[in-house]
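The residues making up each chain are set out below.
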Amino acid sequence: MHTSYRNCSYYGQAFAATAVSSPSVPRANLQRPGTVVMDVSDSSNPVDAGRLTSVSMLDPWESLKVNVQRGLLADVNGTSAGGGPEFDVYDISKNCVQPRLLFSGPLADDTVIGHEGEWAPDGLTYYGGDLNQGQYYAIDVTNPSSPEFITKFTPPVGVHGLSVSADGTRGYVTLSGTARNEGNNTNGFAIYDFTPISRRMTDPSPVLLAEVYWADGSVAQHTIPVKIAGKDHLITVDELGSDGVNAAASRIVTCGSGRLPFGIPRIFDVSDISNIRLLSKLTLEINQPENCVEASADTAGLALFGYDSHYCQVDDPNDAKLMACSYFNSGLRVFDISKPNLVKEIAYFNPAMSPGQKGGSTFNVTGNCFGADWTSSQPRFILEKNEIWFTSQCAGFQVVKLDPAVLPK
């Protein structure tokens, strides 16, 4: 996971002795374990500023997130995609290059397991996603030196990432499941009323308001609430295609069905939650069903992911015009979303492993970098410089510059 604050960037490393999806294949031992701190004061020459090695920072998985309003960096223990109940909080507001540890320890409810997470925008609540037990949970970080467990809740189906509205009263949680042609779909998102949590009510149980499912994607990864032209929209991102892990194993299951073989982002109009409307599917050419056979052959033998999406971010959640997304073997992709029903791809970048090697294929989930790279982190826009900061799993931290000529007017 990658996140940033001011002139600093942070990204996690896997500390597990073995890869979670392939326990028999050992990962290389890290010489410098922990979450990496990058000083990007000079974006043409980023400097490795050290490691954060408190318990959760050794393997934060997808929970490593910054709250800009309060200048806090936090994560939960995500060791091997499902660690213990530990939660870490750092103050980065005064010196982001040298984060100051405020808290590191287990939560009062020691049954929760770490994997995903996100802040409420005001920085008073951190939400975790516990995939192993299918539950979300909330942590009170009003006093970041002494966080308190608030509550946990179970959505209709599987758990992954989530996001919170600007006022903290609505939660947009992924329903991370599988799409099935016969209509019994379990992959989508739900909208909750988080008012009981944000106001610290006696019974802080959130209230389910709406559910949306689709039949051509699976393993919903995360959500982003944004305003586009003053109207409320929700961006969702799938991690795998229509037949989930089964399709990832064979790369051919979905071909001929007319459904999407790889995970993609989508944009919904959620201004009226009684009438939620899908506006766009952000499919690359290689994602299209008509290219399924070719794409399957290209990714044959790769573990789990192919040309699937994973994490996205917008330039400004209050007035979104641009979105950057990581697509594993398809690299970093940038879209003009100023017209959410007419989205246009305007730029892309595929990181190459070394001179002479192409970007966009042959990375293996066991951690072997033997050809190219996986781009899976959440990108960050640095608007004043027309830059995007991101990481890939083999090449590490990278900075790319957008040509102003491609930006929406």
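Scroll up to find the structure.
What counts and how
Residues numbered from 1 in each chain as written. Predicted model: local features only at pLDDT ≥ 70, side-chain atom pairs only at ≥ 80, totals over all residues. Heavy atoms only, no water. Helix = DSSP H or I, 4+ residues; strand = E, 2+ residues; numbered from the N terminus. Buried < 20%, exposed > 50% of the residue type's maximum accessible area, 1.4 Å probe, protein only. Contact = heavy atoms within 4.5 Å. Areas by Shrake-Rupley, 256 points an atom, 1.4 Å probe, with all protein chains shown as cover. Phe/Tyr/Trp six-rings, centres within 6.5 Å; stacked < 30°, edge-to-face > 60°. Polar contact = N/O pair within 3.5 Å; in protein donor to acceptor, adjacent residues only side chain to side chain. Disulfide = S-S within 2.5 Å. Pairing = 2+ DSSP bridges. Axes fitted to C-alpha atoms, helices over the stretch in contact; angles between N-to-C directions. Core = buried A, V, L, I, M, F, W, Y, C linked by side-chain atoms within 4.5 Å. Salt bridge = Lys/Arg side-chain N within 4 Å of Asp/Glu carboxyl O.

> How do you make sense of the overall build of the chain when you look at a structure like this?
Looking only at helices and strands, the chain features 3 helices and 29 strands. Looking at the chain residue by residue over its 409 residues, the buried ones come to 57%. Of the contacts made within the chain by residues no fewer than 6 positions apart, 52% connect residues no fewer than 24 positions apart. Total accessible area computed for the chain in this model is approximately 16000 Å², and 49% of it derives from carbon and sulfur atoms.

> For this particular structure, what's the right way to read the packing of aromatic side chains?
For any pair of aromatic rings, the description rests on two quantities: the centre-to-centre distance and the angle between the ring planes. Inspection of every chain in the model, using the stated rule, returns 17 aromatic pairs. Seen from their ring centres, Phe87 and Tyr126 are 5.2 Å apart, and the 45° between their planes marks the pair as tilted. Taken together, the positions of Phe87 in strand β9 (residues 86–91) and Tyr126 in strand β12 (residues 125–130) put the pair 39 residues apart, joining distant regions of the chain. Relative to Phe194, the ring of Tyr127 lies with its centre 4.7 Å away and its plane at 15°, an arrangement referred to as stacked.

> Explain the side chain of His222 to me, please; I cannot follow it from the model alone.
Summarising the element assignment, His222 is placed in strand β19 (residues 218–228). The class of His222 is buried, set by a relative accessible area of 4%. At a separation of 3.1 Å, a polar atom in the side chain of His222 contacts the main-chain amide nitrogen of Cys312. Not counting residues within four places of it along the chain, the set of residues in contact with His222 comprises Glu116, Gly161, Thr174, Ile235, Thr236, Val237, His310, Tyr311, Cys312 and Gln378.

> Quick question: what am I supposed to make of the state of the cysteines here?
A full pass over the atoms with the stated rule returns 3 disulfides. Between the sulfur atoms of Cys8 and its disulfide partner Cys96 the distance amounts to 2.0 Å. Judged by the sign of its S-S torsion, about 70°, the bond between Cys8 and Cys96 is right-handed. Taken as a pair, Cys8 in strand β2 (residues 8–11) and Cys96 in the loop between β9 and β10 (100–106) lie far apart in primary sequence, 88 residues in all. Cys96 sits in the buried class, given a relative accessible area of 6%. Linked covalently through their sulfurs, Cys312 and Cys325 form a disulfide whose S-S length is 2.1 Å. Here the S-S torsion is close to 110°, and the disulfide linking Cys312 with Cys325 is therefore right-handed. Taken together, the residues Cys312 in strand β23 (residues 311–314) and Cys325 in strand β24 (residues 322–326) connect sequence positions 13 residues apart.

> Would you mind going over the sheet that holds strand β11 (residues 116–119) with me for this structure?
Adjacent strands of a sheet form backbone hydrogen bonds with each other and so pair up, either parallel or antiparallel. Ordered in space as β11-β12-β13-β14, the 4 strands form an open sheet in which the pairing is antiparallel. Edge positions in the open sheet fall to β11 and β14 (148–153), since each of these has one partner strand only. Pairs of neighbouring strands in the sheet enclose a mean axial angle of 20°, with direction left out of account.

> I'm lost on the pairing of β11 in this one. Help?
Both faces of β11 are covered, namely the face carrying Glu116 and Glu118 and the face carrying Gly117 and Trp119. Across 4 bridges, the pairing between β11 and β12 is antiparallel. When the sheet's bridge partners are listed, Glu116 is paired in β12 with Gly129. Here β11 hands over to β12 after 5 residues, with Gly123 in that stretch at a positive phi of 75°.

> Help me understand the nonpolar core, please; the structure alone is not making it clear to me.
One recurring pattern in soluble globular proteins is that nonpolar side chains are buried together. Residues Val226, Ile235, Val314, Met323, Phe335 and Ile337 are the most contacted members of the largest nonpolar core, which totals 16 residues. Of all the elements in the fold, those that place two or more residues in this core are β19, β20 (231–240), β23 and β24. Top contributing element to this core by residue count: β19, with 3 residues. Among all residues touching Met323, those that are not within four sequence positions of it are Ile235, Pro265, Leu282, Cys312, Gln313, Val314, Arg333, Val334, Phe335, Ile337 and Phe381. With 15 residues, the next largest nonpolar core counts Tyr127, Val164, Leu175 and Phe194 among its residues.

> Which parts of the structure should I look at to understand the pattern of salt bridges?
A side chain with one charge may pair with a side chain of the opposite charge, provided their charged atoms come close. Overall, the coordinates contain 17 salt bridges when judged by the stated rule. Between Arg32 and Asp48 there is a salt bridge; the shortest N-O distance is 3.2 Å. Taken together, the positions of Arg32 in the loop between β4 (22–26) and β5 (35–39) and Asp48 in strand β6 (residues 47–52) put the pair 16 residues apart, joining distant regions of the chain. On the basis of relative accessible area, Asp48 is assigned to the partly exposed category, the value being 35%. One salt bridge in this structure joins Asp91 and Lys94, with 3.8 Å as the shortest N-O distance. Salt bridges here are not isolated pairs; linked through shared partners, they connect Asp216, Asp238, Arg266 and Lys281.

> Would you mind going over the pairing of β19 with me for this structure?
Side-chain positions along a regular strand alternate between the two faces of the sheet. Across the 11 residues of β19, 8 count as buried, placing the element largely inside the fold. Bridge analysis of β19 against β20 gives 9 bridges, and the strand direction is antiparallel. Bridge pairing links Ile224 to Ile235 in β20. Linking β19 back to β20 in an antiparallel pair, the connection comprises 2 residues, with Ala229 at a positive phi of about 55°.

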